[in-house]
Amino acid sequence: TQLLEQSPQFLSIQEGENLTVYCNSSSVFSSLQWYRQEPGEGPVLLVTVVTGGEVKKLKRLTFQFGDARKDSSLHITAAQTGDTGLYLCAGGYQKVTFGTGTKLQVIP
Amino acid sequence: DAGVTQSPTHLIKTRGQHVTLRCSPISGHKSVSWYQQVLGQGPQFIFQYYEKEERGRGNFPDRFSARQFPNYSSELNVNALLLGDSALYLCASSLEPPSGSTDTQYFGPGTRLTVL
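Our subject in this report is the structure included herewith. Quantities reported herein were computed from a predicted structural model and do not represent experimental measurements. (Residues numbered from 1 in each chain as written. Chains lettered and ligands numbered in written order. Predicted model: local features only at pLDDT ≥ 70, side-chain atom pairs only at ≥ 80, totals over all residues. Heavy atoms only, no water.)

**Section: the interface of chain B and chain A**
Link 1 in the chain: Contact residues are listed per partner, giving 23 residues for chain B and 22 residues for chain A.
Link 2 in the chain: Around 1600 Å² of area is buried between chain B and chain A when both sides are counted, 56% of it from carbon and sulfur atoms.
Link 3 in the chain: Remark: the boundary between chain B and chain A carries 0 salt bridges.
Link 4 in the chain: On the surface where chain B and chain A come into contact, there are 2 residue pairs in polar contact (both at pLDDT 80 or more).
Link 5 in the chain: Of all elements in the fold, only β4 (31–37), β5 (44–50), β6 (53–57) and β9 (87–94) of chain B reach the threshold of two or more residues within the side of chain B that touches chain A. (Contact = heavy atoms within 4.5 Å. Buried area = accessible area lost by both parts, 1.4 Å probe. Salt bridge = Lys/Arg side-chain N within 4 Å of Asp/Glu carboxyl O. Polar contact = N/O pair within 3.5 Å; in protein donor to acceptor, adjacent residues only side chain to side chain. Helix = DSSP H or I, 4+ residues; strand = E, 2+ residues; numbered from the N terminus.)

Dropping the structure here:
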């Protein structure tokens, strides 16, 4: 069974601060996805990383896939209140495995 | 274009009862996956269907079953409900079975099931 552990579990920061969320596994994934989920809604895909060492940027969000394709990170620069939500990493073929989630709260 | 729709939005049942949750995928999507999300945790995979056939099953008891219809909509059935079945049930659709690198999954808003 492939497991994805995320850290930290909870994060409360002031608007304007930077933060990094980690997603780790002992298994190799062909790709990993990052989602954001807001209360009462389903997860929304932010990015898919496919190649080991790959870095993708989405405005203030930077995603990195580890060289060994066992881990990934999400870095947010100058967080805004609109970034508040549950961040989930996920991977796998057909039987998609989701990470444990990081609940981010950005305080104005 | 309409996204993934799920019904009902909320549902309250008592222990031992049966429940049916429904999902309509995005038009043209042939793959539907079901997930259970307990409060504060990430979604857990239950089933994946493609072209009306079960392609994947998660670690859930036989009380959970699903099917996909010719129009690609899907139902998730749960028998003999337990308190621990209380969760948000999410449906996701994609053009083909999720492969990770392609075939983005689009999630519906979920059905919130409460078992008393």
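**A look at the state of the cysteines**
Residues and elements named next belong to chain A.
Link 1 in the chain: Across all of its chains, the model carries 2 disulfides over all chains by this definition.
Link 2 in the chain: Paired through a disulfide, C23 and C89 show a sulfur-sulfur distance of 2.1 Å. Sign of the S-S torsion, about 80° for the bond between C23 and C89, identifies this disulfide as right-handed. Taken together, the positions of C23 in strand β3 (residues 19–24) and C89 in strand β9 (residues 85–91) put the pair 66 residues apart, joining distant regions of the chain. (Disulfide = S-S within 2.5 Å.)

**Section: the pairing of strand β11 (residues 102–107) of chain A**
Here is the key point about a regular strand: its side chains alternate between the two faces of the sheet.
Residue and element names in this part refer to chain A.
Link 1 in the chain: Residue alternation in β11 divides its side chains into a buried set, T102, L104 and V106, and an unburied set, K103, Q105 and I107.
Link 2 in the chain: As judged from the 3 bridges shared by β9 and β11, these two strands associate in the antiparallel manner. Pairing of Y87 across the sheet is with T102, part of β11. (Buried < 20%, exposed > 50% of the residue type's maximum accessible area, 1.4 Å probe, protein only. Pairing = 2+ DSSP bridges.)

**What to know about the side chain of T102 of chain A**
Residues and elements named next belong to chain A.
Link 1 in the chain: Here T102 is to be found in strand β11.
Link 2 in the chain: A distance of 2.6 Å separates a polar atom in the side chain of T102 from the backbone oxygen of P8.
Link 3 in the chain: For T102, the contacting residues outside a window of four places in its chain are Q6, S7, P8, Q9, V21, G85, L86 and Y87.

**A few points about the environment of L3 of chain A**
Residues and elements named next belong to chain A.
Link 1 in the chain: With respect to the helices and strands, L3 occurs in the segment before β1 (5–7).
Link 2 in the chain: As for L3 and T100, which are separated by 97 residues in sequence, their C-alpha atoms are 9.0 Å apart.
Link 3 in the chain: Excluding anything up to four places from it in sequence, L3 contacts N24 and S25.

**Description of the sheet that holds strand β7 (residues 61–65) of chain A**
Residues and elements named next belong to chain A.
Link 1 in the chain: One open sheet accounts for 5 strands, arranged β1-β3-β8-β7-β6; its pairing is antiparallel. Sheet topology places β1 and β6 (55–58) at the edges, where each strand pairs with a single neighbour. For this sheet the average axis-to-axis angle between neighbouring strands, irrespective of direction, equals 15°.
Link 2 in the chain: Judged from the 4 bridges that link them, β6 and β7 form a sheet pairing that is antiparallel. For K56, the partnering residue across the bridge sits in β7 and is F63. (Axes fitted to C-alpha atoms, helices over the stretch in contact; angles between N-to-C directions.)

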